[in-house]
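Commentary on secondary and tertiary structure
Single-letter residue listing:
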Amino acid sequence: MDAIALVQYFGKPDFFITMTCNPSWPEIKEHLSQTDEVQNKHDLVSRVFRAKVEELKTDILKRQVFGRVAGFMYTIEFQKRGLPHAHFLIILADEHKLLTPESYDRFVCAELPDSKKDCDLYSLVIKHMMHGPCGKLNPTNICMKNNNCKFKYPKDFAEQTLKGKNSYPICFQNEKNRKSCRNKRTNKDAMQLLLLYKEFPEYFVWSSKEKMWTRRKQRIVIGRVVTCHPTEGERYYLRLLLINVRGPKSYQDLCKVDGNCCSTFREAAEKRGLLHCDNNLVECMSEATNYQMPYSLRRLFATLLVYCNPANPTELWKQFEDSMSEDFKILPNMNAKDIRFMALNHINDILHLMGRDINEYNLIPEKIKPSAAIRETNVCQFERNIIVREKDLLLERNLNTERKAYNTILDRIFSNKSGAFFVDRAGGTGKTFLYRALLAGV
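Residues numbered from 1 in each chain as written. Predicted model: local features only at pLDDT ≥ 70, side-chain atom pairs only at ≥ 80, totals over all residues. Heavy atoms only, no water.

What follows concerns the overall build of the protein. The secondary structure content of the protein amounts to 19 helices and eleven strands. Counting only residues that meet the buried cut, the protein has 31% of its 442 residues in that class. Of the contacts formed within the protein by residues at least 6 apart in sequence, a portion of 51% connects residues at least 24 apart. On the protein, roughly 30700 Å² of surface is accessible, and the fraction owed to carbon and sulfur atoms is 51%. (Helix = DSSP H or I, 4+ residues; strand = E, 2+ residues; numbered from the N terminus. Buried < 20%, exposed > 50% of the residue type's maximum accessible area, 1.4 Å probe, protein only. Contact = heavy atoms within 4.5 Å. Areas by Shrake-Rupley, 256 points an atom, 1.4 Å probe, with all protein chains shown as cover.)

Before going further, it helps to examine the pattern of salt bridges. This structure, assessed with the given rule, holds 13 salt bridges. Residue Glu27 is joined to Lys52 by a salt bridge in which the shortest nitrogen-to-oxygen separation is 3.2 Å. In this pair, Glu27 sits in helix 2 (residues 26–29) while Lys52 sits in helix 3 (residues 42–62), placing the two residues 25 residues apart along the sequence. Among the salt bridges present, the one from Glu55 reaches Arg63, with a minimum N-O distance of 3.0 Å. (Salt bridge = Lys/Arg side-chain N within 4 Å of Asp/Glu carboxyl O.)

This next bit is on the sheet that holds strand 3 (residues 84–92). In space, the three strands of this open sheet follow the order 1-3-2, with antiparallel pairing throughout. Only two strands of the sheet have a single neighbouring strand rather than two, namely strand 1 (15–20) and strand 2 (69–78). The average angle at which neighbouring strand axes cross in this sheet is 15 degrees, direction not considered. The sheet contact formed by strand 1 and strand 3 spans six bridges and is antiparallel. Each residue of the ladder has a partner; that of Ile17, found in strand 3, is Phe88. Across the face of the sheet, helix 3 comes into contact with strand 1, strand 2 and strand 3 while running at roughly 10 degrees to strand 3. (Pairing = 2+ DSSP bridges. Axes fitted to C-alpha atoms, helices over the stretch in contact; angles between N-to-C directions.)

Below, the discussion takes up the state of the cysteines. Summed over all chains, the structure comprises zero disulfides. The thiol of Cys149 is not disulfide-bonded; the next cysteine sulfur, from Cys143, is found 3.6 Å away. Left unpaired, Cys284 is separated from the closest cysteine sulfur, that of Cys308, by 7.3 Å. Overall, the relative accessible area of 13% leaves Cys284 in the buried class. (Disulfide = S-S within 2.5 Å.)

With that settled, the discussion passes to the packing of helix 13 (residues 313–324) against helix 15 (residues 336–353). Contact pair helix 13 / helix 15: the axes reach a minimum separation of 10 Å and the direction vectors enclose 100 degrees. Viewed along their axes, helix 13 and helix 15 adopt a mutual orientation that is roughly perpendicular. Where helix 13 abuts helix 15, its residues Trp317, Glu321 and Met324 lie against Arg340, Ala343, Leu344 and Ile347. For the contact of helix 13 with helix 15, a count of residues per class yields five nonpolar, no polar and two charged. (Parallel < 35°, antiparallel > 145°, perpendicular 65-115°, else oblique. Nonpolar A, V, L, I, M, F, W, Y, C, P; charged D, E, K, R; others polar.)

Moving on to the nonpolar core. With 47 residues, the main nonpolar core has Leu241, Phe301, Trp317, Met324, Ile347 and Leu351 as its most contacted residues. Listed by contribution, the elements that provide at least two residues to this core are helix 8 (234–242), helix 9 (251–255), helix 10 (265–271), helix 11 (279–289), helix 12 (294–307), helix 13 and helix 15. Judged by nonpolar contacts, the second largest core, of 23 residues, contains Cys21, Val38, Val69 and Phe88. (Core = buried A, V, L, I, M, F, W, Y, C linked by side-chain atoms within 4.5 Å.)

Moving on: the environment of Ile350. Tracing the backbone through its elements, the reader meets Ile350 in helix 15. A relative accessible area of 3% means that Ile350 is categorised as buried. When neighbours within four sequence positions are excluded, Ile350 is seen to be in contact with Arg298, Arg299 and Ala302.

Moving on, we get to unusual backbone geometry. Phi at Gln64 takes a positive value of approximately 55 degrees, unusual for a residue other than glycine. Within the fold, Gln64 resides in the loop between helix 3 and strand 2. Its relative accessible area of 37% is what places Gln64 among the partly exposed residues. Unusually for a residue other than glycine, Asn147 sits at a positive phi of about 65 degrees. Mapped onto the secondary structure, Asn147 falls in the loop between strand 4 (144–145) and strand 5 (148–149).

So, about the packing of aromatic side chains. Summed over the entire model, instances satisfying the criterion amount to ten aromatic pairs. With a centroid separation of 6.4 Å and 20 degrees between ring planes, the pair formed by Trp25 and Phe49 is classed as stacked. Separated by 24 residues along the polypeptide, Trp25 in the loop between strand 1 and helix 2 and Phe49 in helix 3 bring together distant segments of the chain. Trp25 sits in the buried class, given a relative accessible area of 14%. Ring geometry for Phe200 against Phe204: centres 4.7 Å apart, planes inclined by 20 degrees, an arrangement best described as stacked. A relative accessible area of 22% means that Phe200 is categorised as partly exposed. A connected cluster of aromatic rings, assembled from ring pairs, spans Phe15, Phe66 and Phe107. In this arrangement the basic side chain of Lys52 is found over the ring face of Trp25, its NZ or CZ atom lying 4.9 Å from the centre. Here the basic side chain of Arg215 rests over the ring of Phe204, its NZ or CZ set 5.2 Å away from the ring centre. (Phe/Tyr/Trp six-rings, centres within 6.5 Å; stacked < 30°, edge-to-face > 60°. Lys NZ or Arg CZ within 6 Å of the ring centre and 35° of its normal.)

Written as structure tokens, this is what we have:
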């Protein structure tokens, strides 16, 4: 499963983790002679790095240091000097997703450790995780561009962890003698108005100078809440609460129903009666019709069928059939029945990729058969559509020292035998040429 498929199935990732090989690791240094260079000891580096990666996987998946993992993938890349690094994409189960500032604070800290209590950790942070100095203190630093740090240091102090742009958190940083500026009058006005989350910008505006919300005095604005896919789990139910619950003061307020605190946003939405009918699904589809193309609407409809269990899927189909069929209506010589079946066939193809069939939902009396294309996997379809250029077919004739590797690998492929091969030579010696020849041959 690739990264896109993983995100589509499990929802947005919670962690991106990068692990870089450190040539100063004692496991590497103790096996080097005085004349050895780390970048020339591929076997040693690869073994040590793999052991470290496997231990990190154990921490994440078995010891569950971040919580229960719903899905993950990782890739290992090699730098120019041969030192590898791994990129991990981690998606947590709904009950462990990072949805509040407090959940970020459990794993991420933007403060220096206590040098007396955590001497080792303090020395590692100082050595590996400190940026600069740059700016006025060191205008010639490598990060400086147009008299500014391209990594935007120094960062502003934050009194509490917040979600910043592009979902990156702005982590809590404690600054001594920093004054807390709170606008009590704004809080009081907001509580009296009992606003929905999306209505807040209509009455208040953020002052970047004073760092607080103030009453809006000019212009009319329309507030909205960023759209959310139903497969995103808790994030979707959080949005459902935000657009229906008035005057919440915190996440805890959203989770409280009749004085009882629910453990998840889904549970709170269910107890508030937001999931007892298909109103939330109708609202979801209605909002999507304002800006989504018919192709995307059909994908959304299939997702709602699979993950949201609508009480009346037939009624939901009838209500949005026209919007989901608009692109087929412009095709020539198409009657209403043909258009309906083209839309349903496409929805069925999407459902088959999710392991379901459209006939399970009884949208229409007739049976819908899966298309021939969907019977094959996406990978097979992709491979069949690859166009091999004629000049690539001739590459095999120009192989020299790569001929042995070429013949060995193809022999394994065509004899249906398993095998793993590692090709390693200096740059410019024909590795890419060999890869192209192999791909054309296959």
